[in-house]
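Structural overview
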Amino acid sequence: MAEAFATEIAKSLLGKLGSFAVQEFRLACGLQDDLARLEERLKAINAVLSDAEKQQSKNERIRLWLHMLRKVFYDAEDVLDEIECETLQRQVVKTKGSTSRKVQHFFTSSNRIAFRLRMGHNIKKIIERLAEISALKSDFNLSEQAIDCSHVLHEETGMNRSFDSFSGLIRRDEDKERIINLLIPPFKVGDAHPRVLPIVGMGGLGKTSLAKSVGDAEIVERHFQLKMEVCVSDDFSLKQVIQKIIKSATGERCADLDEGELQKKLEEILNGRKYLLLLDDVWNEDAKKWLLLKPVLSKGADGSKIIVTTRSQRVAEIMGTVPAYNLSHLGKEDCLLLFCKCAFKEGQMALYPNLIGIGKEIVAKCKQVPLAVINLGTQLYGKIDETEWKSVRDSEKWEEEGDVILPALKISYQRLPTHLKRCFLYCSVFPKDYQFGDCILVQFWMAHGLILQSANPNENLEDVGLRYVRELISRCFFQDYEDCIVIAYFKMHDLIHDLAASLAQNEFSIISSQNHQISESSRHLSVLDSNSFFHQTLNKFSNEFDHVRSIVFADSIAGPTCKTDFEKCLSGFKYLRSLELMDPSEFEVFPERIGALKHLRYLYLVVNTEMKRLPKSIFKLPNLQALVAAGEGLEELPEDVRHMISLRFLLLFTQQKRLPEGGIGCLECLQTLFIVWCENLENLCEDMQGLKSLRKLFIAKCHGLISLPRSIKCLTTLEEFCIIDCEKLDLITIEEEKGKKIQSLSLSLRIVIFEELPATLALPEQLLQGCAESLQTFIIRGCPNIEEMPECISNLNKLQNLEITRCPRLSKRCRRGTGEDWPKIKHIPKIKVDGDDSGEETSHSEAGSSGTP
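What comes next concerns the included structure.

Definitions and cut-offs
- Starting from 1, residues in each chain are numbered consecutively following that chain's sequence as written.
- Only residues with pLDDT of at least 70 are given local features in this predicted model, and only at 80 or more are side-chain atom pairs given and counted; all residues enter the totals for whole chains, interfaces and linings.
- For the side-chain quantities, the full set of heavy atoms in the structure was used; hydrogens and water were omitted.
- Strands are runs of DSSP state E lasting at least 2 residues, helices are runs of H or I lasting at least 4, and numbering of each runs from the N terminus.
- Type-normalised accessible area, obtained with a 1.4 Å probe on protein chains alone, sets the label of each residue: buried when under 20%, exposed when over 50%, and partly exposed for intermediate values.
- Pairs of residues are marked as contacts when any of their non-hydrogen atoms sit within 4.5 Å.
- By convention in this document, the label disulfide applies to cysteine sulfur atom pairs within 2.5 Å.
- Axes, fitted as lines to C-alpha atoms, cover a helix only where it is in contact. Angles between the N-to-C directions of the axes lie from 0 to 180 degrees.
- Working rule for angles: under 35 degrees goes down as roughly parallel, over 145 as roughly antiparallel, 65 to 115 as roughly perpendicular, anything else as oblique.
- Throughout, a crossing is termed right-handed when the near helix is turned clockwise from the far one, and left-handed when it is turned anticlockwise from it by less than a right angle.
- Just so you know the grouping, Ala, Val, Leu, Ile, Met, Phe, Trp, Tyr, Cys and Pro go in nonpolar, Asp, Glu, Lys and Arg go in charged, and all remaining residues, Gly too, go in polar.
- Each Phe, Tyr or Trp ring, with Trp reduced to its six-membered ring, pairs with another whose centre is within 6.5 Å; inter-plane angles below 30 degrees give stacked pairs, above 60 give edge-to-face pairs, and intermediate values give tilted ones.
- Between any two strands, pairing holds if DSSP finds at least two bridges.
- In what follows, salt bridge is the name for a side-chain nitrogen of Lys or Arg lying within 4 Å of a carboxyl oxygen of Asp or Glu.
- Along the arc lie the directions from the helix axis toward the C-beta atoms.
- We call two N or O atoms a polar contact when they sit within 3.5 Å, provided that within protein one can donate a hydrogen and the other can accept it, with sequence-adjacent residues counted only if both atoms are side-chain atoms.
- The patches reported here contain residues having more than 30% relative accessible area and no salt bridge. Joining distances are 9 Å for like charges and 5 Å for nonpolar side chains (Val, Leu, Ile, Met, Phe, Trp, Tyr).
- Here, Shrake-Rupley sampling with a 1.4 Å probe gives the accessible areas, and only protein chains in the shown set may cover a residue.
- His is not counted, nor are the chain ends, whereas Lys and Arg count as positive and Asp and Glu as negative.
- Every charge is mapped onto a representative atom, which is NZ of Lys, CZ of Arg, CG of Asp or CD of Glu.
- Residues enter a nonpolar core if they are buried and are Ala, Val, Leu, Ile, Met, Phe, Trp, Tyr or Cys, with the set joined through side-chain atoms within 4.5 Å.

1. Considerations on the overall build of the protein chain
- Looking only at helices and strands, the protein chain has 29 helices and 22 strands in total.
- When the 853 residues of the protein chain are sorted by exposure, 57% land in the buried category.
- Residue pairs at least 24 apart in sequence account for 69% of intrachain contacts in the protein chain once pairs closer than 6 positions are excluded.

Given below as C-alpha cells:
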C-alpha cells in the first residue's frame, strides 16, 4: 500500500493481546512473560507510530521502516490468531462433549506442550525482530504521541448526500436530448443492424450516468421492448460479456453453459425483439473480439440499438456504426454551482464569499471534470475554516503527472480518516462493477480486523462497520446506491477503483490473462482468469502463498474448474482470512481440505446446481464469522452448523422441508440470519430462542413456508425482522393459541417488513405489542387479505414510519381522516398509504397531542 497503516495494525494487535482467548492461553500455557514482553515492545513502538506516519510521505527511510514494521506486525497477528484458534478449538470440543480418539489425541498434554513450545518460540522471534526494527527509530527523531481512538465515534454527514444525489445535478440536458434523438428514429432499409452509438470522453465526465439517464427516459422506455446494461471493463471476454447480457435481460447466471450454449441462449432472448443495450466502459481495441460478438447481437429486431461508453477513440472506430458522440467537459459556471452544492449546507453559500473564492480556484484545478468536482466538494462539506479549503487548493498532489482526475481523487483520499483509508483500499480486491452489499462488506472488513470496537458499549462491530460504509458513501467513494432497508447495495466508479488499486498495489495483486505474478508482499489476490492462476501463478509462486490473506474469484469465469487444482491451492493458503468463490462449475462436492483453513473468517460461496452439500469440514472452522452458502442445489444445512461457535452472519439456501433442532438454533453468537430461496422449506426450527444475539432476521422467496415458530417471540435482541414473498405463510402462526395465557413480551424490534404475503389474514398483535417501546419503521406491502390494523398499533409510541401499499382492504381502513383505522395510526409522523390522494405524510400538528414530539 502507499501507506503502512502501522498504527491501525498495532491497535489491532494490542486488542488481540487483551482478548479473552489469548489471556486464557497465557495463563494455561505459562507464556505470561513472553506475551507481556511482546505487549511492552508493541506499546513502545506504538507511541511513535503516529508521528512516523505523518512524516513517511516526505522521508523515504521512515516509509521503508514502517513497511518493515508492518511485515512483522502481520506475522505477529498470525501467531496470535494461532493462539485464538487453539483456544476456540478446545471450546468446540467441550461443547461437543466428544470422546473420539482423534479429538482426544489432538488435545493430549503432549500435543499441548508441543503447541506451547512452538508458540513460545515464534513469539520470541517476533520480539527479537521488533527489537531490531525498534532500535532504528532513534535515527528519525520521532516524538511520542497519544493515539486517538475517537474515530469510531466520527460524525457522519447525512445519508441523503451521496454520489448519485449529486450526479443528478450535472447539467447534461442538451447532451441527453441529442442522444435520444439519435436513438429513436425508425429503422430504414440500408441502416446498420444493430446500430451502435459510441459515447466517448475522458474518465469522470459522466458518460455512464448520461447513458443510463437516456435509457431511463420515458420516450426511450416506450420505444424498446428490452433494455439491458452491461459493464464490460478492461477484460473483454466473449463468454463473460454474453453471460452478463443474459443476466441483465433475464436475471439468470447461466454459469454451467459453455460459450456455444450461451450464444444460442442469447440469440433466443433477442430474437424478434427490439432492444437497447448499454455496453459500458469498453476498453477492448481488438476488432476480432467485437466481430465475434456482433453476429449474436444482430438477432434482435430491426431498430435495435447499442450504446457504447468508452474513453478510447479507437474503440469507437471499431464498434460504432454512426459517428461517435464526443462528450465535452462541464461548463465552468455549472462546475462551480455543482461544487457549491456539494460543499455547502443548504442556505449557507451566501454567508461565505471568501470560501467561494477559494472554491473557484479548486474548481479551476479540476479542469471541469464532474467526478473531481463532486469528490472534492463533498470532502469540504460543512467545513468553514479557510485553512481546510486552502489545504485542498494548495495540495502538492496537483503537481503530480497524469490526468487531472487522479490528483483530485488522491486529495480526497488523503482527507479520509485512517480507518476509512484501510477499508476503502481493501475494496480494490473486488473487481470493477462489483455490487457490494453493506452488511456483507462489513463482514469482509471484520475478517481482516479493519473495524475497531466502539467506545460506545451499546454499539457492536457491525454497527461501527455500517457507519464506515455510510461515511464512504457520503464522501462519494461509492455510487449507484440503493437502499433496500434491510440491506443497501452500491458500486465503485471505475476511476475510484483505479485509485484504490494504484494505492494498494504493494499488497493487492490482480491475476488476469495479462498478469499472473504475485510478489512476496502480496496478501490479497483478485483472480479474473482461472487459467492464468491455476496453470501459471499456482505453479510458479507457491512459496508466496503463506502471506496471502484473501482471495476473490471474481465471477464464474474466473472460478476454479478443476477440483484437484483447487485443493492444491487451498493447501498453500494456511493464513487465509477470506475466500469468495462463484460457481465452481465442475464440483459436485466441495473439497474437504477447506477445513484446514483454521484462520478463515469469511466464506462467500455461490455454488452450482450440481453441488448437493457443503463439506463437513466447513463446520469445524472455529474462526468462521460469516458464511454465505448460496446455491439451488444445496440439499441441506446439517446439524453440524452448531459447532461454528464464532459465526455472526449466515446466508443460506436449502432444499430441506424443515430446519432441524440442534442446528442453527444453537448459534449463540449469530447476529444476522438470511434464509432465502428455500423453495421446499415449510417450517423453521423450533429452538430459535437459542439465538441469543440475533439482531437481523430476513426470510425471502420461501414459497413453501407455512408457519413460523412461536419461539421467534423469544428473540429479545432482534432489531430487524423482514419477511418477503412467502406465498403460503400466515403470520398468525406466531401467536399463542386463543385462551392460552400470554406472557408479556419485551422485544427490541426497530424495523418490521411484511411483503407479498397473500395467505396472511391478520397482523401478529402479540409480536407488535411486544415492541411498543422500540418499533420505528413498519412496512406492509402486497398483503391483500389483511383486513384491519390491530388495536395495539396505537400503543407503538416510537413508531415514526408506516407504509401500507398494495393492501387494498387495509389501505381503505387506514385512509387519512376517513378510514376506520385512521384513529389508531394518526399519531405516526410519517404515513404512506396507497390510494390516499391527500398526501403521503402527516404533519406533527395533524398527528395531535398523542404524536411523538
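2. Digging into the environment of Asp640
- Note that Asp640 resides in the loop between strand 14 (626-630) and strand 15 (649-652).
- Separated by 23 residues in sequence, Asp640 and Gly663 place their C-alpha atoms 6.5 Å apart.

3. Remarks on the state of the cysteines
- Considering all chains together, one arrives at zero disulfides under this definition.
- We note that Cys783 lacks a disulfide partner, and the nearest cysteine sulfur, in Cys807, lies 4.8 Å from it.
- Assessed through its relative accessible area of 0%, Cys783 is described here as buried.

4. Here's the deal with the packing of helix 1 (residues 6-17) against helix 3 (residues 32-55)
- Here helix 1 crosses helix 3 at 155 degrees, and the two axes come no closer than 9 Å. By the angle class used here, helix 1 and helix 3 are roughly antiparallel. In the packing of helix 1 onto helix 3, the handedness of the crossing is left-handed. Each of Ala6, Thr7, Ala10, Leu13, Leu14 and Leu17 in helix 1 lies in contact with helix 3, whose residues at this interface are Leu35, Leu38, Glu39, Leu42, Lys43, Asn46, Leu49, Ser50 and Glu53.
- Split by residue class, the contact of helix 1 with helix 3 holds nine nonpolar, three polar and three charged.

5. Comments concerning the packing of aromatic side chains
- One pass over the structure, following the stated rule, counts 20 aromatic pairs.
- Centroid distance Tyr413 to Phe424: 6.0 Å. Interplanar angle 45 degrees. Geometry classified as tilted. Placement of the pair is Tyr413 in helix 19 (residues 405-414) and Phe424 in helix 20 (residues 418-426), with a sequence separation of 11 residues.
- Taking relative accessible area as the criterion, Tyr413 reaches 1% and is therefore assigned buried.

6. Points about the pairing of strand 13 (residues 602-606)
- With five of five residues buried, strand 13 lies mostly within the body of the structure.
- Alternating positions in strand 13 separate into two faces, Tyr602, Tyr604 and Val606 on one and Leu603 and Leu605 on the other, with burial throughout.
- With five bridges joining them, strand 12 (residues 578-582) and strand 13 adopt parallel strand pairing. Within strand 13, the position partnered with Glu580 by the bridge is Tyr604.
- Where strand 13 lies against strand 14, five bridges are found, and the strand directions are parallel. Paired with Leu603 across the two strands is Leu627, which belongs to strand 14.

7. Some remarks on the pattern of salt bridges
- Using the criterion set out here, one finds 59 salt bridges in the structure.
- We note a salt bridge from Asp433 to Lys491, for which the minimum N-O separation is 3.1 Å. Taken together, the residues span a long stretch of sequence, with Asp433 in the loop between helix 20 and strand 6 (436-437) and Lys491 in strand 8 (residues 488-491) at a distance of 58 residues.
- The partly exposed category is assigned to Asp433, whose relative accessible area is 31%.
- Glu462 is the partner of Arg648 in a salt bridge, and the nearest nitrogen-oxygen pair spans 2.7 Å. Here Arg648 is found in the loop between strand 14 and strand 15, whereas its partner Glu462 is found in helix 22 (residues 461-474), with 186 residues between them in sequence. Like Arg648, the residue Glu462 is buried in the burial classification.
- Through salt bridges that share partners, Lys16, Glu77, Asp78, Asp81, Glu84, Arg549, Arg577 and Arg601 make up one connected network.

8. Structural notes on the sheet that holds strand 5 (residues 325-326)
- Overall, parallel pairing links the five strands, which are arranged 2-3-4-1-5 in an open sheet. Across the chains shown, the open sheet's two edge strands, defined by having one partner strand only, are strand 2 (226-233) and strand 5.
- Together, strand 1 (195-200), strand 3 (275-282), strand 4 (305-310) and strand 5 form the strand contacts of helix 8 (residues 173-183), whose direction differs from that of strand 1 by roughly 165 degrees.

9. Details of unusual backbone geometry
- Residue Pro194 is reached from His193 by a cis peptide bond, and omega for that bond is -10 degrees.
- Looking at the secondary structure, you find Pro194 in the loop between helix 8 and strand 1.
- If you check the backbone angles, Asp480 has positive phi at about 50 degrees while not being a glycine.
- For Asp480, the position within the fold is in strand 7 (residues 479-483).
- Of note in this structure, Arg806 is not a glycine but carries a positive phi near 55 degrees.
- Relative to the helices and strands, Arg806 resides in the loop between strand 21 (801-805) and helix 27 (808-813).
- For Arg806, a relative accessible area of 42% puts it in the partly exposed group.

10. Points about helix 18 (residues 386-393)
- The complete set of buried residues in helix 18 reads Trp389, Val392 and Arg393. For helix 18, the buried positions fall inside an angular range of 100 degrees around the axis, keeping them on one side.
- Where helix 18 starts, the residue carrying a side-chain oxygen 3.0 Å from the main-chain nitrogen of Thr387 turns out to be Asp385.

11. Considerations on the sheet that holds strand 6
- Read from one edge of the open sheet, three strands run 6-8-7, paired in antiparallel fashion. At either end of the open sheet lies a strand with only one pairing partner, and these are strand 6 and strand 7.
- Two elements, strand 6 and strand 8, share two bridges in a ladder whose sense is antiparallel. Its bridge partner being in strand 8, Gly437 is matched across the sheet by Tyr489.

12. Some details on a negative patch on the surface
- A surface patch of like charges, here negative, comprises Asp256, Asp258, Glu259 and Glu261.
- Relative to the helices and strands, Asp258 resides in the loop between helix 11 (238-250) and helix 12 (259-270).

13. Some remarks on helix 8
- Taken together, the buried positions of helix 8 are Asp175, Ile179, Ile180 and Leu183. Buried residues of helix 8, viewed axially, fall in a sector of 130 degrees; they line one side. Facing away from the buried surface of helix 8 by more than 90 degrees, the exposed residues are Asp173, Glu174 and Glu177.
- Looking at the packing, one finds that the buried side of helix 8 touches strand 1, helix 9 (207-216), helix 10 (218-223), strand 3, strand 4 and strand 5.

14. Some points on the nonpolar core
- Ranked by size, the top nonpolar core spans 149 residues in total, and within it Trp65, Phe73, Phe424, Leu441 and Trp445 carry the most contacts.
- The leading source of residues in this core is helix 4 (residues 60-96), at 11 residues.
- When sequence neighbours within four positions are dropped, the list of residues in contact with Trp65 reads Val48, Leu49, Ala52, Ile133, Leu136, Lys137, Phe140 and Leu142.
- Core analysis: the next-biggest nonpolar cluster, separate from the first, contains 98 residues, Phe533, Leu538, Met688 and Leu802 among them.

15. Focus: the packing of helix 21 (residues 438-447) against helix 22
- Between helix 21 and helix 22, the shortest axis-to-axis distance is 9 Å and the interhelical angle comes to 115 degrees. Classified by the angle between their axes, helix 21 and helix 22 sit roughly perpendicular to one another. Crossing angle aside, the handedness with which helix 21 passes helix 22 is right-handed. Seen from helix 21, the contacting residues are Asp438, Cys439, Leu441, Val442, Gln443, Trp445 and Met446; seen from helix 22, they are Leu461, Glu462, Gly465, Leu466, Tyr468, Val469 and Leu472.
- For the contact of helix 21 with helix 22, the per-class residue count stands at 10 nonpolar, two polar and two charged.

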